[in-house]
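# Fold and contact review
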Amino acid sequence: MIEIEYHKMRSAQLLRTAEEERLARSVARARRAARPADRAGHDGAGAESDTGRGRRHRLPRTA
């Protein structure tokens, strides 16, 4: 019986956490969209993901 209550509480907590994360992402997205492009220092959203640096080549893992 107590396992069912524990499961319900955990499920409710996970739902609350997921909703908070969705809200935070939507707020960040809205702020990014509201920001003028000239103040952002680049010409669009595509430049945010590209840092201009190449990928770091990692050594293969040893066995």
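The structure this text deals with has already been given above.
Residues numbered from 1 in each chain as written. Predicted model: local features only at pLDDT ≥ 70, side-chain atom pairs only at ≥ 80, totals over all residues. Heavy atoms only, no water.

### Focus: the overall build of the protein chain
Operational definition: Here a strand is any run of E in DSSP of at least two residues, a helix any run of H or I of at least four, and the numbering for each starts at the N terminus. Accessibility throughout is a Shrake-Rupley quantity obtained with a 1.4 Å probe, and a residue counts as covered only by protein chains that appear here.
From N to C terminus, the protein chain includes three helices and zero strands. Counted from the first residue to the last, the protein chain has its helices and strands arranged as α-α-α. Total accessible area computed for the protein chain in this model is approximately 6600 Å², and 55% of it derives from carbon and sulfur atoms.

### Some points on the pattern of salt bridges
Short version of the rule: Salt bridges are defined by distance alone: a side-chain nitrogen of Lys or Arg within 4 Å of a carboxyl oxygen of Asp or Glu. The rule is simple: take the accessible area with a 1.4 Å probe, protein chains only, and divide by the maximum for that residue type; under 20% is buried, over 50% is exposed, in between is partly exposed.
Summed over all chains, the structure comprises one salt bridge. A salt bridge links R22 to E19; its shortest N-O distance comes to 2.9 Å. Taken together, the residues R22 and E19, both in helix α1 (residues 2–34) and three residues apart, mark about one turn of the helix. Exposure remark for R22: the relative accessible area of 44% places this residue in the partly exposed category. Here E19 falls in the partly exposed class, since its relative accessible area comes to 43%.

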